[in-house]
Amino acid sequence: MVNQHRDLGSAHSGFSDWYWQRFSAVVLATLLPAAFVLLWAVYSGVLDQQSLLDYLDSFVSRLLHSLLIVALMVHAYMGLKVMIEDYVHAAMRIFLIALMLVMMGLFGMWWLALIWAWGG
Amino acid sequence: MNAMIHIDIYRYNPEKDSQPYMQRFDVPWEKTGMKLLDALNYIKWHSDGSLTYRRSCGEGVCGSDGMNINGVNGLACITSIEGLKQPIKVRPLPSMEVIRDLVVDTTHFFDQYRQIKPWLQSKTPTPEHERLQTPDERAELDGSYECILCGCCTTSCPSWWWNGDRFMGPAVLLQADRWMKDSRDEAMGERLDQLEDAFKLYRCHQILNCMEACPKGLNPTAAIGHIKRTLLNRKS
Ligand code: SF4
Ligand code: SF4
Ligand code: FES
């Protein structure tokens, strides 16, 4: 426990972390159901595979899909960052957050590349 | 009513003991409505004068006898023995350094309190008489002014256990909110600036331990939520 006066002042970062976590949650809550509706449509036979791909190929779908992935990455990053900050201390904290950022960044870019590269 | 009260108390004297230990005491029922503090006083005055704890008012006003009672933080002076499972386990407040027995080091806790400048700050010239407040403005302070800084909430908060060096903790944040809500205070901007920090404020994850622990029935989680909303309104 720290016993001497030790005020580092404000980092002015808490608000944006909190804001983006909630903002991305709202985007996810709107877009994720759409993905599940598509999935349900395929499994229940309302859509066949070709029409599903047609849907996904459209420009608007790709945009929404990209938005979904970005929101997913932002939300997961913010959530895990908070957990790491809670339980991991000192240098390990920064290392883990950086590692996570790189991995999620790569994963997100790979997924975005898939979205925009396939089909015509 | 003649039965004995069995109490296990955390004992630790760093000058003598290599380790803390629990010691059993048996205290006679003295009266109905007897409080835990009465039993501790009985022990101190009749059985073992070396038992060390803080207390002053004896009626839930001074906030000095916060302790961990059967695993829950509370004030010994307003906790009835009747409602407690025996043997009653009495420990010091968690996550603070023990000075002796039930007395913990609150230096850091009160330093954090001092950091939020818990006094009225004004910029406008001092009025000839007092700074007035309407009854409605005064009512805004209900639910925060009652806080007696006993530390029961803060020491029950997991976020404060893990990051108490930087996280202000529920008691101090409730107090910060109290000054922001005060219609006479003119330092809202500085107060918000100071708290806009991932550790000082946003470590709170609404676990609500603090609200359950507060012996005055206050809700620090709501106060923290109010600070977050105020910051949101300032930015959007
Ligand atoms: S609600 Fe916030 S301040 Fe209260 S115990 Fe939980 S994390 Fe701590
Ligand atoms: S909010 Fe309640 S538990 Fe916390 S310090 Fe104040 S009176 Fe004690
Ligand atoms: S002795 Fe004052 S609050 Fe308990």
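Our structure is the block above this text.
Residues numbered from 1 in each chain as written. Chains lettered and ligands numbered in written order. Predicted model: local features only at pLDDT ≥ 70, side-chain atom pairs only at ≥ 80, totals over all residues. Heavy atoms only, no water.

**Some points on the packing of helix H1 (residues 14-43) of chain A against helix H3 (residues 59-87) of chain A**
All names here are of chain A. Cut-off, in case you're wondering: Interaxial angles span 0 to 180 degrees and are taken between N-to-C directions of axes, which are lines fitted to C-alpha atoms, for helices over the stretch in contact. A run of H or I in DSSP counts as a helix once it spans at least four residues, and a run of E counts as a strand once it spans at least two, with each numbered from the N terminus. To sort the angles, those under 35 degrees are grouped as roughly parallel, those over 145 as roughly antiparallel, those from 65 to 115 as roughly perpendicular, and the leftovers as oblique. Each helix crossing is assigned a hand: it is left-handed if the near helix lies turned anticlockwise from the far helix by less than a right angle, otherwise right-handed if that turn is clockwise. Contact criterion: two residues are considered in contact whenever any of their non-hydrogen atoms come within 4.5 Å of each other. In this classification, Asp, Glu, Lys and Arg are treated as charged, Ala, Val, Leu, Ile, Met, Phe, Trp, Tyr, Cys and Pro as nonpolar, and every other residue, Gly included, as polar.
Running from N to C, H1 and H3 cross one another at 140°; their axes reach a closest spacing of 8 Å. Judged by the angle between their axes, H1 and H3 are oblique. When the axes of H1 and H3 are compared, the crossing they make is left-handed. Side by side, H1 and H3 meet where Asp17, Trp20, Gln21, Ser24, Ala25, Val27, Leu28, Leu31 and Leu32 of the first sit next to Leu64, Leu67, Leu68, Ala71, Leu72, Val74, His75, Met78, Gly79, Lys81 and Val82 of the second. Its residues assigned to classes, the contact of H1 with H3 comprises 14 nonpolar, four polar and two charged.

**Notes on the interface of chain A and chain B**
Size of an interface: often given as the accessible area lost when the parts come together. We apply this condition: Buried area is calculated as the accessible area (1.4 Å probe) missing from two parts once they are joined, with the contributions of both summed. A side-chain nitrogen of Lys or Arg and a carboxyl oxygen of Asp or Glu constitute a salt bridge if their distance falls within 4 Å. Definition of a polar contact: a pair of N or O atoms within 3.5 Å, with one able to donate and the other able to accept a hydrogen when the atoms are protein atoms, and with sequence-neighbouring residues admitted only if both atoms are side-chain atoms.
In this complex, chain A contributes 24 residues to the contact, which on the side of chain B involves 27 residues. Approximately 2,300 Å² of surface area, both sides summed, lies buried where chain A meets chain B, with 51% of it carried by carbon and sulfur atoms. The salt bridge partner of B:Arg203 is A:Asp86, with a shortest N-O separation of 2.6 Å. Viewed at the interface, chain B and chain A are joined by 13 residue pairs in polar contact (both at pLDDT 80 or more). Of all the elements, H1(A) adds the most residues to the side of chain A that touches chain B, at six residues. In the side of chain A that touches chain B, the residues fall into eight nonpolar, nine polar and seven charged.

**Examining unusual backbone geometry**
Residue and element names in this part refer to chain B. Rules: Relative accessibility decides the category of a residue: with a 1.4 Å probe and only protein chains considered, values under 20% of the type maximum give buried, values over 50% give exposed, and everything between is partly exposed.
Note that the residue after Gln86, namely Pro87, is joined by a cis bond; omega there is -5°. Tracing the backbone shows Pro87 in the loop between strand S4 (72-75) and strand S5 (88-91). For Ser95, which is not a glycine, the phi torsion comes out positive at approximately 65°. Turning to its location among the elements, Ser95 is positioned in the loop between S5 and strand S6 (98-100). Under the relative-accessibility criterion, Ser95 is labelled partly exposed at 32%. Although it is not a glycine, Asp101 sits at a positive phi angle of roughly 45°. With relative accessibility at 2%, the residue Asp101 sits in the buried group.

**A few points about the environment of B:Asn70**
Residue and element names in this part refer to chain B. Position of Asn70 relative to the elements: it lies in the loop between strand S3 (66-69) and S4. Looking at Asn70, the relative accessible area reads 28%, which means it is partly exposed. C-alpha separation for the pair Asn70 and Ile207, spaced 137 residues apart in sequence, amounts to 20 Å. Beyond its immediate chain neighbours, meaning those up to four positions away, Asn70 contacts Leu84, Lys85, Pro87, Ile88 and Lys89.

**Re the site of ligand 2**
Note the cut-off: Throughout, near means a residue has at least one heavy atom within 4 Å of the molecule or strand.
By nearness alone, every residue bordering ligand 2 is listed as B:Cys147, B:Ile148, B:Leu149, B:Cys150, B:Gly151, B:Cys152, B:Cys153, B:Ala171, B:Cys214, B:Pro215 and B:Lys216. Its residues assigned to classes, the shell around ligand 2 comprises nine nonpolar, one polar and one charged.

**Description of the site of ligand 1**
Residue and element names in this part refer to chain B. Around ligand 1, the surrounding shell consists of Cys157, Ser159, Pro170, Cys204, His205, Gln206, Ile207, Leu208, Asn209, Cys210, Thr221 and Ile224. Sorting the residues of the shell around ligand 1 by element identifies helix H7 (209-213) and helix H8 (220-235) as the ones contributing at least two each. Along the lines of polarity and charge, the residues of the shell around ligand 1 split into seven nonpolar, five polar and no charged.

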